[in-house]
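Breakdown of the fold
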Amino acid sequence: MSVKNLRVPLAVTLAVLAAAAALLAGPTPRPEPVRAGLARLPHATTAPGAAATPGGPNGAPATPATPDPSGAPGADGDVPVTGGPGTPEATPPAGGVTPPGATPPGTLPPVVDHGPRTGNKVALTFDADLTDAMRRQLRSGAVRSYANLAIIDLLERRQVPATFFLTGKWVEEYPEVTRRLAGNPRFELANHTYGHESFTPDCYDLPRIAERRMTADVARTFDVIAPYGGRQTRYFRFPGLCHDRTALNALAPLGVTVVDGDVVSGDPFATAWRPLVRAVLSQVRPGSVIIMHVTEANAPMTDEALPHILAGLAERGLRPAPLSEVLANGEPTA
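Notes on the structure follow. (Residues numbered from 1 in each chain as written. Predicted model: local features only at pLDDT ≥ 70, side-chain atom pairs only at ≥ 80, totals over all residues. Heavy atoms only, no water.)

**A few points about the overall build of the chain**
The secondary structure content of the chain amounts to 10 helices and 11 strands. Among the 334 residues that make up the chain, the fraction classed as buried is 51%. Taken as a whole, the chain presents about 14400 Å² of accessible surface, with 57% of it coming from carbon and sulfur. (Helix = DSSP H or I, 4+ residues; strand = E, 2+ residues; numbered from the N terminus. Buried < 20%, exposed > 50% of the residue type's maximum accessible area, 1.4 Å probe, protein only. Areas by Shrake-Rupley, 256 points an atom, 1.4 Å probe, with all protein chains shown as cover.)

**So, the state of the cysteines**
By the definition in use, this model includes 1 disulfide. Each disulfide pairs two cysteine sulfurs, and for C203 the partner residue is C242, the sulfurs being separated by 2.2 Å. For the disulfide bridge between C203 and C242, the dihedral angle about the S-S bond is near 80°, and by the sign convention the bridge is right-handed. On the criterion of sequence distance, the pair formed by C203 in the loop between β6 (187-191) and α6 (214-225) and C242 in the loop between β7 (231-236) and α7 (245-251) is long-range, its members being 39 residues apart. Each member of the pair, C203 as well as C242, is classed as buried. (Disulfide = S-S within 2.5 Å.)

**Brief notes about α6**
Residues spaced three or four apart along an α-helix face the same direction, because each turn holds 3.6 residues. Along its 12 residues, α6 runs 17 Å from first to last C-alpha, staying within 8% of the 16 Å computed at 1.5 Å per residue. In terms of burial, α6 is largely enclosed, as 10 of its 12 residues are buried. For α6, the complete set of buried residues consists of M214, T215, A216, D217, V218, A219, T221, F222, V224 and I225. (Expected span 1.5 Å × (residues − 1).)

**Digging into the pairing of strand β4 (residues 121-128)**
Residues in a regular strand project their side chains so that they alternate between the two faces of the sheet. With 8 of 8 residues buried, β4 is to be regarded as a mostly interior element. Of the two faces of β4, the one carrying K121, A123, T125 and D127 and the one carrying V122, L124, F126 and A128 are both buried. Pairing analysis gives 5 bridges linking β4 to strand β10 (residues 289-293), with the strands arranged parallel. By the bridge assignment for β10, T125 is matched with I291. Note: β4 against strand β5 (residues 162-166), 4 bridges, orientation parallel. Within the sheet, the bridge partner assigned to F126 lies in β5 and is F164. (Pairing = 2+ DSSP bridges.)

**Quick word on the environment of P207**
Relative to the elements of secondary structure, P207 occurs in the loop between β6 and α6. P207 sits 10 residues away from E197 along the chain, and the two C-alpha atoms are 5.2 Å apart.

**With respect to the environment of H308**
Considering the arrangement of structural elements, one finds H308 in helix α9 (residues 302-315). With residues near it in sequence (within four places) discarded, H308 still touches W273, V277 and L281. (Contact = heavy atoms within 4.5 Å.)

**Here's the deal with helix α8 (residues 274-283)**
Every buried residue of α8 is accounted for by L276, V277, A279, V280 and L281. On the buried face of α8, the contacting elements are β9 (263-264), β10 and α9.

**Overview of the pattern of salt bridges**
Taken as a whole and judged by the stated rule, the model has 13 salt bridges. Residue R117 is joined to D262 by a salt bridge in which the shortest nitrogen-to-oxygen separation is 2.8 Å. Of this pair, R117 sits in the loop between β3 (111-112) and β4 while D262 sits in the loop between β8 (257-259) and β9, and the two are 145 residues apart along the sequence. By relative accessible area, D262 is classed as buried at 3%. Several salt bridges share partner residues, and in doing so they unite R135, R139, E172 and E173 into one network. (Salt bridge = Lys/Arg side-chain N within 4 Å of Asp/Glu carboxyl O.)

**Here we look at the nonpolar core**
Within the largest apolar cluster, 47 residues are counted, with the highest numbers of intra-cluster contacts made by L124, F126, L155 and W170. The element that contributes the greatest number of residues to this core is α9, accounting for 5 residues. Each residue touching F126, except ones within four places of it in the same chain, is listed here: I151, L155, A162, T163, F164, F165, M292, H293, V294, T302 and L306. (Core = buried A, V, L, I, M, F, W, Y, C linked by side-chain atoms within 4.5 Å.)

**Overview of the side chain of T215**
You can see T215 is positioned in helix α6. A polar side-chain atom of T215 sits 2.8 Å from the main-chain carbonyl oxygen of A250. (Polar contact = N/O pair within 3.5 Å; in protein donor to acceptor, adjacent residues only side chain to side chain.)

**Brief notes about the packing of helix α3 (residues 149-158) against α9**
In the contact formed by α3 and α9, the axes pass within 9 Å of each other and the chain directions differ by 25°. In terms of orientation, α3 lies roughly parallel with respect to α9. In the crossing of α3 with α9, the sense of the turn from one axis to the other is right-handed. Within the contact between the two elements, α3 uses A150, I151, L154, L155 and R158 and α9 uses T302, D303, L306, P307 and L310. Grouping the constituent residues of the contact of α3 with α9 by class yields 7 nonpolar, 1 polar and 2 charged. (Axes fitted to C-alpha atoms, helices over the stretch in contact; angles between N-to-C directions. Parallel < 35°, antiparallel > 145°, perpendicular 65-115°, else oblique. Left-handed = near helix turned anticlockwise from the far one by under 90°. Nonpolar A, V, L, I, M, F, W, Y, C, P; charged D, E, K, R; others polar.)

Written out as C-alpha coordinates, the structure is:
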(Lines give C-alpha, C1' and ligand atoms only; values in the text may rest on other atoms or scores of the structure.)
Protein backbone atom coordinates (compact mmCIF):
# COMPACT_ATOMS: atom_id res chain seq x y z
CA MET A 1 0.00 0.00 0.00
CA SER A 2 1.31 3.39 -0.84
CA VAL A 3 1.98 5.88 1.91
CA LYS A 4 1.67 9.58 1.54
CA ASN A 5 5.00 11.36 0.81
CA LEU A 6 5.47 14.42 2.95
CA ARG A 7 6.81 16.33 -0.06
CA VAL A 8 3.60 16.37 -2.08
CA PRO A 9 2.37 19.31 -4.20
CA LEU A 10 0.04 21.79 -2.56
CA ALA A 11 -2.85 20.70 -4.80
CA VAL A 12 -2.57 17.10 -3.62
CA THR A 13 -2.40 18.18 0.02
CA LEU A 14 -5.56 20.24 -0.43
CA ALA A 15 -7.29 17.29 -2.09
CA VAL A 16 -6.41 14.99 0.79
CA LEU A 17 -7.65 17.54 3.33
CA ALA A 18 -10.88 17.90 1.38
CA ALA A 19 -11.40 14.14 1.40
CA ALA A 20 -10.78 14.01 5.15
CA ALA A 21 -13.25 16.85 5.70
CA ALA A 22 -15.88 14.98 3.70
CA LEU A 23 -15.30 11.87 5.81
CA LEU A 24 -15.80 13.81 9.03
CA ALA A 25 -18.93 15.52 7.74
CA GLY A 26 -21.08 12.46 8.25
CA PRO A 27 -22.66 9.58 6.29
CA THR A 28 -22.90 10.05 2.56
CA PRO A 29 -23.95 7.35 0.11
CA ARG A 30 -21.41 7.29 -2.68
CA PRO A 31 -22.10 6.00 -6.19
CA GLU A 32 -18.35 6.36 -6.76
CA PRO A 33 -15.54 6.55 -4.22
CA VAL A 34 -14.08 9.96 -3.49
CA ARG A 35 -10.64 10.02 -5.08
CA ALA A 36 -7.92 12.15 -3.56
CA GLY A 37 -5.23 11.23 -6.07
CA LEU A 38 -3.36 9.21 -3.43
CA ALA A 39 -4.33 6.35 -1.19
CA ARG A 40 -6.35 8.02 1.56
CA LEU A 41 -5.09 7.52 5.12
CA PRO A 42 -7.47 8.95 7.75
CA HIS A 43 -6.14 10.23 11.06
CA ALA A 44 -5.69 7.49 13.63
CA THR A 45 -7.98 7.25 16.62
CA THR A 46 -7.05 5.37 19.76
CA ALA A 47 -9.30 3.17 21.80
CA PRO A 48 -10.67 4.54 25.10
CA GLY A 49 -8.05 4.53 27.82
CA ALA A 50 -5.10 4.44 25.41
CA ALA A 51 -2.67 7.29 24.94
CA ALA A 52 -3.66 9.49 22.03
CA THR A 53 -1.29 9.46 19.09
CA PRO A 54 -1.41 11.63 16.00
CA GLY A 55 -1.52 10.12 12.55
CA GLY A 56 -3.44 9.26 9.80
CA PRO A 57 -6.20 -10.74 12.10
CA ASN A 58 -8.23 -12.93 12.52
CA GLY A 59 -11.26 -11.68 14.38
CA ALA A 60 -12.33 -13.12 17.70
CA PRO A 61 -15.55 -15.19 17.89
CA ALA A 62 -18.54 -13.11 16.95
CA THR A 63 -20.14 -11.84 20.13
CA PRO A 64 -22.16 -8.64 20.37
CA ALA A 65 -19.85 -5.66 20.69
CA THR A 66 -20.00 -3.82 24.00
CA PRO A 67 -20.60 -0.09 23.54
CA ASP A 68 -18.48 2.45 25.35
CA PRO A 69 -19.96 2.68 28.87
CA SER A 70 -20.34 6.43 28.68
CA GLY A 71 -22.24 6.28 25.40
CA ALA A 72 -21.16 9.86 24.82
CA PRO A 73 -19.53 11.22 21.68
CA GLY A 74 -16.05 12.66 21.83
CA ALA A 75 -15.28 16.34 22.02
CA ASP A 76 -15.30 16.66 18.22
CA GLY A 77 -18.56 14.75 17.87
CA ASP A 78 -17.02 11.39 16.97
CA VAL A 79 -18.36 8.23 18.47
CA PRO A 80 -15.60 6.71 20.64
CA VAL A 81 -13.93 3.54 19.44
CA THR A 82 -15.62 0.53 20.98
CA GLY A 83 -13.44 -1.23 23.52
CA GLY A 84 -13.46 -3.25 26.68
CA PRO A 85 -14.69 -6.75 27.52
CA GLY A 86 -16.88 -8.38 24.89
CA THR A 87 -15.46 -6.43 21.96
CA PRO A 88 -14.04 -8.58 19.16
CA GLU A 89 -10.41 -7.72 18.53
CA ALA A 90 -7.72 -8.77 16.13
CA THR A 91 -5.81 -11.84 17.27
CA PRO A 92 -2.34 -12.88 16.08
CA PRO A 93 -2.54 -14.84 12.81
CA ALA A 94 -1.52 -18.48 12.75
CA GLY A 95 2.18 -19.03 12.24
CA GLY A 96 3.04 -15.44 13.09
CA VAL A 97 2.58 -14.32 9.46
CA THR A 98 1.11 -10.84 9.14
CA PRO A 99 -1.58 -10.90 6.43
CA PRO A 100 -1.80 -8.13 3.82
CA GLY A 101 -3.88 -5.19 4.98
CA ALA A 102 -3.26 -5.77 8.70
CA THR A 103 -3.05 -2.52 10.69
CA PRO A 104 -2.49 -1.79 14.41
CA PRO A 105 -5.69 -2.67 16.29
CA GLY A 106 -7.20 0.29 18.12
CA THR A 107 -6.49 2.86 15.42
CA LEU A 108 -8.85 4.17 12.80
CA PRO A 109 -8.31 1.97 9.73
CA PRO A 110 -6.79 3.54 6.61
CA VAL A 111 -9.08 3.93 3.60
CA VAL A 112 -7.48 3.43 0.18
CA ASP A 113 -8.79 3.97 -3.33
CA HIS A 114 -5.78 2.79 -5.32
CA GLY A 115 -2.11 1.96 -5.24
CA PRO A 116 0.85 4.00 -6.50
CA ARG A 117 0.46 5.40 -10.01
CA THR A 118 3.68 3.75 -11.11
CA GLY A 119 4.42 0.51 -12.89
CA ASN A 120 1.78 -1.40 -14.81
CA LYS A 121 -0.22 -3.34 -12.19
CA VAL A 122 -3.95 -3.06 -11.50
CA ALA A 123 -6.21 -5.03 -9.14
CA LEU A 124 -9.32 -6.88 -10.28
CA THR A 125 -11.64 -7.13 -7.27
CA PHE A 126 -14.94 -9.00 -7.17
CA ASP A 127 -17.58 -8.52 -4.48
CA ALA A 128 -19.61 -11.57 -3.42
CA ASP A 129 -22.77 -10.10 -1.91
CA LEU A 130 -25.52 -12.08 -0.20
CA THR A 131 -28.34 -10.54 1.82
CA ASP A 132 -31.24 -12.29 3.52
CA ALA A 133 -33.50 -11.17 0.67
CA MET A 134 -31.12 -12.67 -1.89
CA ARG A 135 -31.01 -15.88 0.09
CA ARG A 136 -34.83 -16.07 0.03
CA GLN A 137 -34.75 -15.66 -3.75
CA LEU A 138 -32.39 -18.62 -3.98
CA ARG A 139 -34.55 -20.76 -1.70
CA SER A 140 -37.70 -19.95 -3.66
CA GLY A 141 -36.09 -20.63 -7.01
CA ALA A 142 -36.65 -17.05 -8.18
CA VAL A 143 -32.96 -16.87 -9.12
CA ARG A 144 -30.58 -19.60 -10.16
CA SER A 145 -27.29 -18.54 -8.64
CA TYR A 146 -25.34 -15.74 -6.97
CA ALA A 147 -22.02 -17.39 -7.85
CA ASN A 148 -20.82 -16.64 -11.37
CA LEU A 149 -18.64 -19.64 -12.12
CA ALA A 150 -17.93 -18.38 -15.65
CA ILE A 151 -15.87 -15.55 -14.12
CA ILE A 152 -13.86 -17.97 -12.01
CA ASP A 153 -13.42 -20.34 -14.95
CA LEU A 154 -12.00 -17.53 -17.10
CA LEU A 155 -9.64 -16.25 -14.42
CA GLU A 156 -8.36 -19.76 -13.75
CA ARG A 157 -7.99 -20.66 -17.42
CA ARG A 158 -5.99 -17.51 -18.15
CA GLN A 159 -4.16 -17.60 -14.82
CA VAL A 160 -5.32 -14.07 -13.93
CA PRO A 161 -4.89 -12.88 -10.31
CA ALA A 162 -7.90 -11.41 -8.53
CA THR A 163 -9.13 -10.48 -5.04
CA PHE A 164 -12.56 -11.55 -3.80
CA PHE A 165 -14.43 -9.57 -1.14
CA LEU A 166 -16.68 -12.20 0.45
CA THR A 167 -19.74 -11.80 2.64
CA GLY A 168 -20.01 -14.43 5.35
CA LYS A 169 -23.43 -15.54 4.14
CA TRP A 170 -22.11 -16.02 0.61
CA VAL A 171 -19.32 -18.24 1.96
CA GLU A 172 -21.88 -20.28 3.92
CA GLU A 173 -24.07 -20.59 0.81
CA TYR A 174 -21.18 -21.54 -1.49
CA PRO A 175 -18.58 -23.43 0.58
CA GLU A 176 -17.28 -25.43 -2.40
CA VAL A 177 -16.83 -22.29 -4.50
CA THR A 178 -15.07 -20.63 -1.58
CA ARG A 179 -12.78 -23.65 -1.26
CA ARG A 180 -12.02 -23.32 -4.96
CA LEU A 181 -11.13 -19.64 -4.57
CA ALA A 182 -8.94 -20.34 -1.54
CA GLY A 183 -7.15 -23.13 -3.38
CA ASN A 184 -5.95 -20.84 -6.16
CA PRO A 185 -2.63 -19.18 -5.23
CA ARG A 186 -3.44 -16.26 -7.56
CA PHE A 187 -6.62 -15.36 -5.64
CA GLU A 188 -6.84 -13.36 -2.41
CA LEU A 189 -9.76 -13.46 0.03
CA ALA A 190 -11.08 -10.32 1.74
CA ASN A 191 -14.01 -9.29 3.93
CA HIS A 192 -17.28 -7.71 2.71
CA THR A 193 -19.35 -8.01 5.95
CA TYR A 194 -21.47 -10.94 7.01
CA GLY A 195 -24.84 -10.10 5.43
CA HIS A 196 -24.17 -7.05 3.22
CA GLU A 197 -25.99 -4.62 5.49
CA SER A 198 -25.30 -0.90 5.24
CA PHE A 199 -23.06 0.77 7.81
CA THR A 200 -24.60 4.21 7.12
CA PRO A 201 -28.12 5.52 6.50
CA ASP A 202 -29.46 5.79 2.97
CA CYS A 203 -27.01 3.46 1.23
CA TYR A 204 -28.70 2.16 -1.92
CA ASP A 205 -31.75 0.90 0.02
CA LEU A 206 -29.64 -1.72 1.80
CA PRO A 207 -30.89 -2.82 5.22
CA ARG A 208 -28.94 -1.03 7.94
CA ILE A 209 -26.91 -2.77 10.62
CA ALA A 210 -27.14 -1.50 14.19
CA GLU A 211 -24.04 0.34 15.37
CA ARG A 212 -23.61 -2.02 18.32
CA ARG A 213 -23.34 -4.98 15.88
CA MET A 214 -20.82 -3.52 13.42
CA THR A 215 -17.61 -4.78 15.00
CA ALA A 216 -18.92 -8.28 15.65
CA ASP A 217 -20.35 -8.56 12.13
CA VAL A 218 -16.97 -7.97 10.48
CA ALA A 219 -15.12 -10.14 13.01
CA ARG A 220 -17.60 -12.95 12.39
CA THR A 221 -16.92 -12.79 8.66
CA PHE A 222 -13.17 -13.18 9.18
CA ASP A 223 -13.99 -16.24 11.31
CA VAL A 224 -16.22 -17.70 8.58
CA ILE A 225 -13.52 -17.25 5.92
CA ALA A 226 -10.52 -18.31 8.04
CA PRO A 227 -10.95 -22.14 7.88
CA TYR A 228 -10.67 -22.10 4.09
CA GLY A 229 -7.02 -21.01 4.18
CA GLY A 230 -5.44 -19.70 1.01
CA ARG A 231 -4.24 -16.11 0.61
CA GLN A 232 -6.27 -14.47 3.36
CA THR A 233 -6.04 -10.74 3.97
CA ARG A 234 -7.20 -8.05 6.39
CA TYR A 235 -8.74 -6.01 3.58
CA PHE A 236 -12.33 -4.93 4.08
CA ARG A 237 -14.89 -3.28 1.80
CA PHE A 238 -18.10 -1.64 2.98
CA PRO A 239 -21.32 -2.52 1.13
CA GLY A 240 -22.02 0.21 -1.39
CA LEU A 241 -18.69 1.82 -0.35
CA CYS A 242 -20.80 3.69 2.23
CA HIS A 243 -18.95 4.57 5.43
CA ASP A 244 -18.57 7.40 7.92
CA ARG A 245 -16.54 8.07 11.06
CA THR A 246 -18.79 5.88 13.21
CA ALA A 247 -18.37 2.93 10.86
CA LEU A 248 -14.60 3.35 10.75
CA ASN A 249 -14.46 3.58 14.55
CA ALA A 250 -16.31 0.26 14.75
CA LEU A 251 -13.56 -1.42 12.72
CA ALA A 252 -10.70 0.00 14.78
CA PRO A 253 -10.36 -3.06 17.09
CA LEU A 254 -10.01 -5.42 14.11
CA GLY A 255 -6.80 -4.14 12.50
CA VAL A 256 -8.04 -3.84 8.93
CA THR A 257 -7.49 -1.69 5.84
CA VAL A 258 -10.63 -0.39 4.15
CA VAL A 259 -10.47 -0.69 0.36
CA ASP A 260 -12.85 1.35 -1.76
CA GLY A 261 -11.61 1.55 -5.35
CA ASP A 262 -11.12 4.10 -8.11
CA VAL A 263 -12.70 2.23 -11.05
CA VAL A 264 -16.41 1.40 -10.66
CA SER A 265 -17.58 -0.99 -13.37
CA GLY A 266 -21.30 -0.43 -12.78
CA ASP A 267 -22.02 -4.12 -13.28
CA PRO A 268 -24.89 -4.56 -10.76
CA PHE A 269 -28.11 -5.09 -12.72
CA ALA A 270 -26.43 -4.24 -16.03
CA THR A 271 -28.31 -5.37 -19.14
CA ALA A 272 -25.41 -5.12 -21.63
CA TRP A 273 -21.68 -5.81 -21.38
CA ARG A 274 -20.28 -3.01 -23.54
CA PRO A 275 -21.02 -0.20 -21.04
CA LEU A 276 -19.07 -2.13 -18.38
CA VAL A 277 -16.04 -2.38 -20.64
CA ARG A 278 -16.20 1.34 -21.46
CA ALA A 279 -16.60 2.25 -17.79
CA VAL A 280 -13.53 0.28 -16.75
CA LEU A 281 -11.21 1.13 -19.62
CA SER A 282 -12.08 4.84 -19.54
CA GLN A 283 -11.08 5.13 -15.86
CA VAL A 284 -8.27 2.63 -15.38
CA ARG A 285 -4.70 3.77 -14.66
CA PRO A 286 -1.61 2.15 -13.14
CA GLY A 287 -2.40 1.25 -9.53
CA SER A 288 -6.18 1.17 -10.09
CA VAL A 289 -8.52 -0.96 -8.00
CA ILE A 290 -11.37 -2.16 -10.25
CA ILE A 291 -14.70 -3.03 -8.60
CA MET A 292 -16.83 -5.81 -10.12
CA HIS A 293 -19.19 -8.48 -8.79
CA VAL A 294 -19.22 -12.26 -8.91
CA THR A 295 -22.94 -12.44 -7.99
CA GLU A 296 -24.39 -13.85 -11.20
CA ALA A 297 -28.11 -13.11 -10.76
CA ASN A 298 -27.68 -9.41 -9.99
CA ALA A 299 -24.56 -8.83 -12.11
CA PRO A 300 -25.34 -10.97 -15.15
CA MET A 301 -23.13 -9.21 -17.69
CA THR A 302 -19.80 -9.31 -15.85
CA ASP A 303 -18.63 -12.62 -17.30
CA GLU A 304 -19.32 -11.34 -20.83
CA ALA A 305 -17.52 -8.06 -20.20
CA LEU A 306 -14.48 -9.59 -18.50
CA PRO A 307 -12.66 -10.96 -21.60
CA HIS A 308 -12.96 -7.55 -23.27
CA ILE A 309 -11.75 -5.80 -20.12
CA LEU A 310 -8.73 -8.08 -19.97
CA ALA A 311 -7.98 -7.43 -23.64
CA GLY A 312 -8.27 -3.67 -23.11
CA LEU A 313 -5.93 -3.77 -20.13
CA ALA A 314 -3.35 -5.68 -22.17
CA GLU A 315 -3.60 -3.14 -25.00
CA ARG A 316 -2.82 -0.41 -22.46
CA GLY A 317 0.14 -2.33 -21.08
CA LEU A 318 -1.62 -2.97 -17.76
CA ARG A 319 -1.37 -6.27 -15.93
CA PRO A 320 -3.78 -7.64 -13.27
CA ALA A 321 -2.11 -8.46 -9.95
CA PRO A 322 -3.31 -9.38 -6.44
CA LEU A 323 -4.57 -6.38 -4.50
CA SER A 324 -1.77 -6.75 -1.96
CA GLU A 325 0.83 -6.28 -4.70
CA VAL A 326 -0.94 -3.29 -6.25
CA LEU A 327 -1.14 -1.53 -2.88
CA ALA A 328 2.46 -2.40 -1.90
CA ASN A 329 4.32 -0.46 -4.60
CA GLY A 330 3.93 -3.40 -6.93
CA GLU A 331 6.19 -5.63 -4.83
CA PRO A 332 4.94 -9.14 -3.97
CA THR A 333 3.90 -9.60 -0.35
CA ALA A 334 4.58 -13.32 -0.23
